[in-house]
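Survey of secondary and tertiary structure
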Amino acid sequence: NVILEAKQLNKVYTTGTNTSQQVLRDVSLAIGEGEFVSVMGPSGSGKSTLLYSISGMDQITSGSIQFDGQDLAAMREEELAALRLTKMGFIFQQSNLLKNLNLLDNILLSAYVAKRESRKTINERAQALMDRLGIASLADHDITQASGGQLQRVAICRALINNPSILFGDEPTGALNSKATGEVMDILADINRSGTTILLVTHDAKVAAKTERVIFMTDGMIAGEHKLGKYDSDA
Ligand code: ADP
Ligand code: ADP
């Protein structure tokens, strides 16, 4: 079952009156439900642009994107925002947590905003996520009291609080040391194992090696892909 399908994506940035740069060139890809996929390539190859395009955050110049049976290009901005809030989770290089909220409230916020479920259900899910990621004891801490690896776990809990069907990561381990990177990748593998589709972009081969399918990008094009066994990498 395909959850996300992009066809012939092109993205051109116009940077001046006479200058433009084509960052995505006829990129097509299909992500199956439950897959754990990474997009790897050098800095500037278009990985982030691809991620933001297929998640409906960035407008494409041409092409089509189907997510969960819906055509993203045909959706209005409010519909897209609602879709992102409820069906997609995002993690970034920086955890981007709010410093005036404690860690638990950072996790709860988007679920309270979505208003789809009772506060009881949301609170229970937050508790279960924090337990599972080993940060339950940090609930009432603020962001200055947690390490980079712990903050990234909070960001993962926040991304999962609305039970998204897909989790997107833009260099989610980019600011972490190798130990914390390994721990975050183990957590992501565990989350994928319980059914959440995951798509990461990274320039780190060790991170890509922890996923089950690696798509290589160069100069805005998909240059190839490699299937790995599910979670059998010891990289
Ligand atoms: P990667 O994630 O692989 O490092 P990006 O998608 O961030 O690559 O960037 C690809 C190219 O697009 C780079 O040359 C970058 O400078 C350019 N680019 C990215 N965002 C913008 C933007 N908003 N406006 C103009 N150019 C951009
Ligand atoms: P990364 O390499 O981690 O993907 P970048 O440092 O390339 O990130 O980009 C960070 C932000 O700056 C992104 O939001 C991207 O869209 C924007 N950006 C990148 N290159 C350009 C550019 N040439 N002009 C305008 N915005 C850019």
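Residues numbered from 1 in each chain as written. Chains lettered and ligands numbered in written order. Predicted model: local features only at pLDDT ≥ 70, side-chain atom pairs only at ≥ 80, totals over all residues. Heavy atoms only, no water.

1. Notes on the packing of aromatic side chains
All chains considered together, the criterion is met by three aromatic pairs. Look at F90 and F92: their rings are 6.3 Å apart centre to centre, the planes differ by 10°, and that puts the pair in the stacked class. On the accessibility criterion, F90 (14% relative accessible area) is buried. Assessed through its relative accessible area of 22%, F92 is described here as partly exposed. Geometrically, the ring pair formed by F90 and F168 is stacked, given 5.3 Å between the ring centres and 25° between the ring planes. (Phe/Tyr/Trp six-rings, centres within 6.5 Å; stacked < 30°, edge-to-face > 60°. Buried < 20%, exposed > 50% of the residue type's maximum accessible area, 1.4 Å probe, protein only.)

2. Details of the pairing of strand β7 (residues 166–170)
Each regular strand carries side chains that alternate between the two faces of the sheet. Within β7, five of the five residues are buried, which leaves the element mostly enclosed by the surrounding structure. Side chains of β7 alternate between two faces, with I166, F168 and D170 and L167 and G169 buried alike. By the bridge criterion, four bridges tie strand β6 (residues 88–91) to β7 in an arrangement that is parallel. Within β7, the position partnered with M88 by the bridge is I166. (Helix = DSSP H or I, 4+ residues; strand = E, 2+ residues; numbered from the N terminus. Pairing = 2+ DSSP bridges.)

3. Concerning the site of ligand 1
What surrounds ligand 1 is the set Y13, T15, Q21, V23, P42, S43, G44, S45, G46, K47, S48 and T49. In this structure, an oxygen atom belonging to ligand 1 sits 2.9 Å away from a side-chain N or O atom of Q21. Between S45 and ligand 1, the recorded distance is 3.1 Å, taken from a backbone N or O atom to an oxygen atom. Protein contact buries 62% of the 560 Å² of open area that ligand 1 shows by itself. Sorting the residues of the shell around ligand 1 by element identifies β2 (20–32) and α1 (47–54) as the ones contributing at least two each. Ranked by residues supplied to the shell around ligand 1, first place goes to α1 with three residues. Residues of the shell around ligand 1, tallied by class, amount to three nonpolar, eight polar and one charged. (Near = heavy atom within 4 Å. Polar contact = N/O pair within 3.5 Å; in protein donor to acceptor, adjacent residues only side chain to side chain. Areas by Shrake-Rupley, 256 points an atom, 1.4 Å probe, with all protein chains shown as cover. Nonpolar A, V, L, I, M, F, W, Y, C, P; charged D, E, K, R; others polar.)

4. A closer look at helix α3 (residues 103–114)
Taken as a whole, α3 has its buried residues at L103, N106, I107, L108, A111 and A114. Its buried side turned inward, α3 meets α2 (77–87), α4 (119–132) and α5 (148–160). With a side-chain oxygen lying 3.2 Å from the backbone nitrogen of L104, the N-terminal cap of α3 falls on N102. K115 sits one or two positions beyond α3 and adopts a positive phi of about 50°. (Contact = heavy atoms within 4.5 Å.)

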